[in-house]
Structure formats: C-alpha cells, structure tokens
Amino acid sequence: MSDRGSFSSRMGFILAAAGSAVGLGNIWRFPYLAGTNGGAGFLFIYLLCIVSLCIPVMIGEIAIGRNAGSDAYGSYQKLGGGKWGYLGIYGILAGIIILSYYNVVAGWAFGYFLEISFGNLLNHQNFGEFFGEYVNAIGPIFLFSLGFMIMTAVIVSQGIAKGIEAANKIMMPGLYIILIGLIIYSLTLNNAMDGVRFYLVPQLENITLKTIFYALCQAFFSLSLGMGCLVTYGSYVTKDQNIVKSAAIISGADTSVAFLAGLLVFPLVFSLGAEPGQGPKLIFVILTQAFSTMGPIVGRIVGGSFFLLICFAALTSTISLLEVPAAFFVDTRKLPRKAVVWGLSGFIFVLGLPSMFSQGIIPFLNKLPVHNSPDFLSFIADLCDIMLISGGCLMCFFIRNRWKVDSLNKELAIGNPSYLGTALQSYINFSISWVCPIILSILTTLVVIDKFFGLEWLFG
Ligand code: PFF
C-alpha cells in the first residue's frame, strides 16, 4: 500500500472526506431542494435519511475500502470476486458523470465570484434575468469550467497527502468562518424570522412521497455515498483509525454545513419577499440580490467571499470525484497518476459540454423528450441520483450476502476494540442487513418510475 500513498493523519482523512461531502450539494442544491419541497418537512426527512440509512452505508463503504486497500473496482473485486467488481465500475461511472455536470455548476459559481469581486454584477436590476443570460454566455462559462477542471487536476495529480489533504486543511475551516458570519448578518434583516420558521417548523401536510425521494437522493449525494468515493478514500485510511467515529464526524460536518446554508438562505429569501421554490437558480439570484443591498464595497467583499467559499467547497468535492476513477486507473490498470489525471480531466470536461449548453442556447438540450422535459443537466443529475441510491443499496447487498456482516464487524473493531457487542454494532448490522436493502430497493424503484414516467403512471 505504501506506493499508493495514504492520509498522513486521522485528521487528514476526516478533512478530506468531509471536504468531499461538503460541496455544491450543501450550499447550492440543499437550499433549493428544501425551498421547492416544503422547507422544514424536507429538512426533517433529510435528517431521518442521514441517521437511518446514510451513516450505516458510509461506515460500510469506508470499511470495505480499508479492508481491501484498493480503488472502488479493486476493492469489490478483491473482497467479492466474480462479478462484484462491476459494482465498483458502476460507481466509477457515476463519479465521472457527476463530475461532468458538477464542474459546469462550479464554473457558474467561479464566474459569479469574479463578477461580484470585480463589481460587474451588483448594480444590475433583475438578478433572475442576469442569471439566465449568464449561464448561457458560453465563452466565459467555458473558460471558468475549464479553469475549475484544471485546478482539480493539478491537486489530484499531486497525490494523496500533498495534494488532497493539504488543500482540504486550508479550505474547510475557511468555509465555516464565512458561512457563520453571513448567517449572523442575514438573521438581523427584516422578516428573517419568517424564513427561519419556513425552514425549521415542519408542516406535515407539505411532506409528500416526492419530499422523501428528493431528501434521500440529496442525502446520498451530499455525503458522497453510493459511488465508491468513500471506498476509495477508505483505502488510504490506516488501521489505527476508528471508522465509526470518523463516519459520525464526517456526516456531522456535512449535515451542519447544509443546515447552516439553509439558515443563511431562507431568512434572506423571506427578507427580500422572494419565492423559496425557484429551483437551481435560487442561491445565485437571492444571494446576489441580498449582496446588492449591502452597498458597493461591502456587497463586493461579502458576496465575493461567499462565492469564493462555494468554489472552495466545490473544489474539495471535484477533487474526490476525480480521485475515484483516477485511483482505478492507477491501482487496477497500473497507469501513471499524472497521465491518468490529465487524460480523465480532458475527457470529463468534454462530457460536460452538453450540460453546459443545456440552459437555453441549444433548444433540444433545454427540453429533452423525457417525462417533465428536463434540461440535459437536470436529467443527468437525476440519473446520477438514481445511480447513487441504487449503488448504496447494492453495497448493502454486497456486505449482507457476500462479504458478510461478520467481516464488517471485524474491520470496524480494528482501531475500535470496544465496538463489538455494543448496541451501536447491532444497530449498524441491522440497518445494513435489513433496513437499507429493503428501503433503498423500494425507493430506488419508485424514484426511477417518478423520474422517467411520473408517479401518476403508478398511482393513476
Ligand atoms: N458531496 C458532494 C456535494 O455535496 O457537493 C458531491 C459529491 C462528491 C458526490 C463526491 C459524490 C461524490 F463521490
């Protein structure tokens, strides 16, 4: 394992895995999904998914990776034999596809960071219109996304300790500081409390089957589960580490950032008298509008820092998304890291072009002939969500039927000898053997029906 590299410390692993988890998913996607799916009800179901399904899946993934000490494909292949390696390939493919569209959204955020910092954005009148025009301004977005992909490739090509770990150690604390500062500001605004109420007081009638689908998919996406990311990161974890504790810290860090992002966004939305269900443009429109009211200098500083924060968060996630396929080619195919990283980055960037052009400039890509006519980027995002929850479900079947829960327990006891025989152990075993496989199989089937045919098809 020595020439593969490993995290230099326990903190290094936790920061890198938390860095992977905390990203556009928390700051961009979580608030807009909560906004369109009932606010507090969504938050409630989201937290339920994290505790009952996601933390056990996360623990399972890290344990598989550490036990096998290989990339996603190599780990499943080594522990499962037969065709199980394909489960790793499935995850690697999901990672490649996620990165292709994720990098485009990161390009939008990078563009907003520059536009606000240079003072070009905040004197506009209609921020919704600006957003629509901006994401269709292909030249700049092409360059910003390309720039983002290059930054990712530079870091990943440096390897584990030097690149990935060092980048996260600086970026993660910076993120919390900026976020908390902005929340304090937003809570002082008029009507901020209406936003807090929308976000924190659940109204049960707002919870529908779709709330559950979106919350589950978002929880998997946000914690980087179901695609072998944590199998891959787990393979760089040393044997003295306590996996269960690390998983709790990582999920806590991720959930707290999503929670704080909501606590920032909804008071702003309500203080501006805006609509919470605006979809993907929510934070781009609402936040810039809020920054514009702060005056030219303060608005530029606060707005610039905020979008810089989003870029940091996105970068620590794109790093992990690229590391998953890169580790496969380095470990299993024995190819040199630098060549792999640059080759993959180029390929994934090109794969992202249809997503980049899907916001209106190419009409066909803007309304695909699929149920509900999504644009290409949303369609791909939905597809990836399905890959993640089904990937997580299959991982549970892998542990339950092939690797066996006993092997999982043995792995978890390394670095945590008092784990065996505890209530926590029983809970995790029960969740991985029964709760996750059953609930995730049912929900995956329903989400597929919902996304491709509409639930009406099923329920009339
Ligand atoms: N968790 C990241 C986010 O919330 O932005 C996205 C992500 C990264 C998903 C890595 C999956 C992954 F393997």
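Quick note: structure is the one above.
Residues numbered from 1 in each chain as written. Predicted model: local features only at pLDDT ≥ 70, side-chain atom pairs only at ≥ 80, totals over all residues. Heavy atoms only, no water.

As a further point, take the overall build of the chain. Counting its secondary structure elements, the chain contains 21 helices and zero strands. In terms of C-alpha radius of gyration, the chain reaches 21 Å, essentially the compact-globule figure of 23 Å for 460 residues. Summarising the internal contacts of the chain: among those between residues at least 6 apart in sequence, 81% fall at separations of at least 24. Split by element, the accessible area of the chain, about 16900 Å² in all, is 68% carbon and sulfur. Here the chain carries 24 positive and 21 negative side-chain charges, and the mean point of each set is 10 Å from the other. (Helix = DSSP H or I, 4+ residues; strand = E, 2+ residues; numbered from the N terminus. Rg over C-alpha atoms; globule rule 2.2 N^0.38 Å. Contact = heavy atoms within 4.5 Å. Areas by Shrake-Rupley, 256 points an atom, 1.4 Å probe, with all protein chains shown as cover. Lys, Arg positive; Asp, Glu negative; His and termini not counted. Charge placed at Lys NZ, Arg CZ, Asp CG, Glu CD.)

Moving on, we come to the pattern of salt bridges. Scanning all chains against the criterion turns up seven salt bridges. For Asp385, the salt bridge identified is with Arg29, shortest N-O distance 3.2 Å. Residue Asp385 is found in helix 18 (residues 376-403), and its partner Arg29 is found in helix 2 (residues 24-36); the two are separated by 356 residues along the sequence. Of the residues examined, Asp385 reaches a relative accessible area of 4% and is grouped as buried. Look at Arg29 and you get buried, because its relative accessible area is 4%. (Salt bridge = Lys/Arg side-chain N within 4 Å of Asp/Glu carboxyl O. Buried < 20%, exposed > 50% of the residue type's maximum accessible area, 1.4 Å probe, protein only.)

Right, let's talk about the packing of aromatic side chains for a bit. Summed over the entire model, instances satisfying the criterion amount to 31 aromatic pairs. Measuring from ring centre to ring centre gives 5.1 Å for Phe131 and Phe284, while their planes differ by 35°; the resulting arrangement is tilted. Linking Phe131 in helix 6 (residues 127-135) with Phe284 in helix 13 (residues 282-292), this pair joins segments that are 153 residues apart in sequence. Here Phe131 matches Phe284 in class, with each residue buried. Ring plane angle 90° and centroid distance 5.6 Å describe the contact between Phe306 and Phe307, whose orientation is recorded as edge-to-face. Relative accessible area serves as the criterion here: at 0%, Phe307 is assigned to the buried category. (Phe/Tyr/Trp six-rings, centres within 6.5 Å; stacked < 30°, edge-to-face > 60°.)

Where helix 10 (residues 209-222) meets helix 20 (residues 423-452), the axes come as close as 10 Å, and the angle between the chain directions of the two elements is 110°. Comparing the axis directions of helix 10 and helix 20 gives the class roughly perpendicular. Regarding helix 10 and helix 20, the two cross each other, and that crossing is left-handed. Between helix 10 and helix 20, the contacting residues are Lys210, Ile212, Phe213, Tyr214, Leu216, Cys217 and Phe220 on the first element and Leu440, Leu443, Leu446, Val447, Asp450 and Lys451 on the second. (Axes fitted to C-alpha atoms, helices over the stretch in contact; angles between N-to-C directions. Parallel < 35°, antiparallel > 145°, perpendicular 65-115°, else oblique. Left-handed = near helix turned anticlockwise from the far one by under 90°.)

Looking now at the site of the ligand. Taken together, 15 residues surround the ligand, and among them Ala21, Gly25, Tyr102, Phe221 and Met227 come closest. Within the backbone of Ala21, an N or O atom sits 2.9 Å from an oxygen atom of the ligand. Ser224 has a polar side-chain atom sitting 3.1 Å from a nitrogen atom of the ligand. Expressed as a share of its isolated accessible area of 340 Å², the protein-covered part of the ligand is 100%. Breaking the shell around the ligand down by element, the ones donating at least two residues are helix 1 (10-21), helix 2, helix 10 and helix 14 (296-332). (Near = heavy atom within 4 Å. Polar contact = N/O pair within 3.5 Å; in protein donor to acceptor, adjacent residues only side chain to side chain.)

Moving on, we come to a nonpolar patch on the surface. On the surface, Leu209, Phe453, Trp457, Leu458 and Phe459 cluster together into a nonpolar patch covering about 550 Å² of accessible area. Considering every element that reaches the nonpolar patch, the biggest residue donor is helix 21 (residues 456-459), with three residues. Residue Trp457 is classed as exposed on the basis of its relative accessible area, which comes to 57%. (Patch = residues over 30% accessible without salt bridge, like charges linked within 9 Å, V, L, I, M, F, W, Y side chains within 5 Å.)

What follows is about the environment of Ala258. Inspection of the secondary structure puts Ala258 in helix 12 (residues 243-271). Owing to a relative accessible area of 1%, Ala258 belongs among the buried residues under this scheme. For Ala258 and Thr444, which are 186 residues apart along the polypeptide, the C-alpha to C-alpha distance reads 23 Å.

Here we take up empty space enclosed by the protein. Counting across every chain of the model gives two cavities of 30 Å³ or more. By volume, the largest cavity is sized at about 130 Å³. Counting residues per element, the ones that place at least two in the lining of the largest cavity are helix 1, helix 2, helix 5 (85-117) and helix 14. Counting residues per element, the lining of the largest cavity draws most heavily on helix 14, which supplies three residues. Of the residues assigned to the lining of the largest cavity, the class counts are eight nonpolar, seven polar and no charged. (1 Å grid on protein atoms, 1.4 Å probe; cavity = no way out; pocket = protein on both sides within 12 Å on 5 of 7 lines; lining within 4 Å. Points joined across faces, edges and corners; volume = space filled by probe spheres on them. Nonpolar A, V, L, I, M, F, W, Y, C, P; charged D, E, K, R; others polar.)

The subject of this paragraph is the layout of surface pockets. Space inside the largest pocket adds up to approximately 810 Å³. Around the largest pocket, the lining comprises 36 residues; the ones closest to its centre are Tyr32, Tyr214, Pro280, Ser378 and Asp382. Looking at the lining of the largest pocket, the element that brings in the most residues is helix 18, giving eight residues. The residue makeup of the lining of the largest pocket, split by class, is 17 nonpolar, eleven polar and eight charged.

The first and last C-alpha atoms of helix 5 sit 47 Å apart over 33 residues, in line with the 48 Å expected at 1.5 Å per residue. Most of helix 5 is tucked away: 26 of the 33 residues are buried. Just downstream of helix 5 lies Gly119, where phi reads positive at about 75°. (Expected span 1.5 Å × (residues − 1).)

This part takes up the packing of helix 19 (residues 405-413) against helix 20. Contact geometry of helix 19 with helix 20 gives a least axis separation of 11 Å together with a crossing angle of 140°. For the element pair helix 19 / helix 20, the angle class is oblique. Every pair of crossing elements has a handedness; the one defined by helix 19 and helix 20 is right-handed. Residues Val405, Leu408 and Asn409 of helix 19 touch helix 20, and the partners they reach there are Gln425, Asn429, Ile432 and Ser433. Taken together, the residues that form the contact of helix 19 with helix 20 break down as three nonpolar, four polar and no charged.

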